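If you want the building blocks of each chain, they are given just below.
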Amino acid sequence: VHSYARRVCLSRRAPAPADPMLYADKRALETNLKVNLLAIREKELNYYTQNCQAVGTQAALLAGFAYSGLTQVAIPHDRAYALRIAYLLVTTTAMCFELIAVLNTTLLSMMGPGLALRGPDGSMHPAVDGMMIEYRTAYYCFVLGLVFFHFSAALFSWLIYVHWSVSTMVTLCICGS
């Protein structure tokens, strides 16, 4: 009876603790994995920050060109009213999309790294994920502004040139670019 009771007690004991070196190796591997993941996310953060700065600079340049197209260009009064209104609306739309892109990229390039660096623990991942989403929106605004800017240039050729053949060729060259 005594040997039976001893076997039951021994079988109910907690398992022997794992080797302390295995546990330490496991923790070291987990730490190295987290460090490597943060290094990758930092590269992504730098990538999106640099892209935001590049897109913002180009968008500001195009917005300036569109503004000049609104303020510095003498629109002939003998052209069709609908053509003049279309030119003004398309140019204004191009400028607005580019200004939205400038604003978004500027805020992203300032706030994204700020959240990643000064936010609470674990804020690198939400910062990079948020920058990915918002960068896509800013980029779409930039591309839409660029498309409207090309339409504005095509409409400008129809306003300036008298002969329809010249306007058609200029429009084809602009659309082909």
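For the structure, check the block above.
Presented here is a report on the structure given in the accompanying data block. These numbers come from a predicted model, not from an experiment.

So, about the packing of helix 4 (residues 124-160) against helix 5 (residues 164-176). Contact geometry of helix 4 with helix 5 gives a least axis separation of 8 Å together with a crossing angle of 170°. Relative to helix 5, the element helix 4 is oriented roughly antiparallel. Like other packed secondary-structure pairs, helix 4 and helix 5 cross with a definite hand, here right-handed. Across the interface between the two elements, His150, Ala153, Ala154, Ser157 and Trp158 from helix 4 touch Trp164, Ser167, Thr168, Val170, Thr171 and Ile174 from helix 5. Of the residues that constitute the contact of helix 4 with helix 5, the class distribution is six nonpolar, five polar and no charged.

Between helix 2 (residues 20-71) and helix 4, the least distance of the axes is 9 Å, while the angle of their chain directions is 25°. On the basis of their axis angle, the class for helix 2 and helix 4 is roughly parallel. Taken as a pair, helix 2 and helix 4 cross one another with a handedness that is left-handed. Each residue belonging to the contact of helix 2 with helix 4 can be placed in one class, and the counts come to 19 nonpolar, four polar and four charged.

Next up on the list: the packing of aromatic side chains. With the rule as written, the count across this model stands at seven aromatic pairs. When the ring of Tyr87 is compared with that of Phe156, the centres are 5.9 Å apart and the planes differ by 40°; the resulting orientation is tilted. With Tyr87 in helix 3 (residues 81-118) and Phe156 in helix 4, this pair connects stretches of sequence that are 69 residues apart. A relative accessible area of 2% means that Tyr87 is categorised as buried. For Phe156, a relative accessible area of 29% corresponds to the partly exposed category. Taken together, the aromatic side chains of Tyr47, Tyr48, Tyr135, Tyr139 and Phe142 make up a single cluster linked through ring pairs.

Taken as a whole, this structure holds three salt bridges when the rule is applied. The partner of Asp129 in a salt bridge is Arg41, and the shortest N-O contact between them spans 2.5 Å. Linking Asp129 in helix 4 with Arg41 in helix 2, this pair joins segments that are 88 residues apart in sequence. The class for Asp129 is partly exposed, based on a relative accessible area of 36%. When salt bridges that share partners are traced, they join Arg41, Glu44 and Asp129 into one network.

Calculation criteria
- Residues numbered from 1 in each chain as written.
- Predicted model: local features only at pLDDT ≥ 70, side-chain atom pairs only at ≥ 80, totals over all residues.
- Heavy atoms only, no water.
- Axes fitted to C-alpha atoms, helices over the stretch in contact; angles between N-to-C directions.
- Helix = DSSP H or I, 4+ residues; strand = E, 2+ residues; numbered from the N terminus.
- Parallel < 35°, antiparallel > 145°, perpendicular 65-115°, else oblique.
- Left-handed = near helix turned anticlockwise from the far one by under 90°.
- Contact = heavy atoms within 4.5 Å.
- Nonpolar A, V, L, I, M, F, W, Y, C, P; charged D, E, K, R; others polar.
- Phe/Tyr/Trp six-rings, centres within 6.5 Å; stacked < 30°, edge-to-face > 60°.
- Buried < 20%, exposed > 50% of the residue type's maximum accessible area, 1.4 Å probe, protein only.
- Salt bridge = Lys/Arg side-chain N within 4 Å of Asp/Glu carboxyl O.

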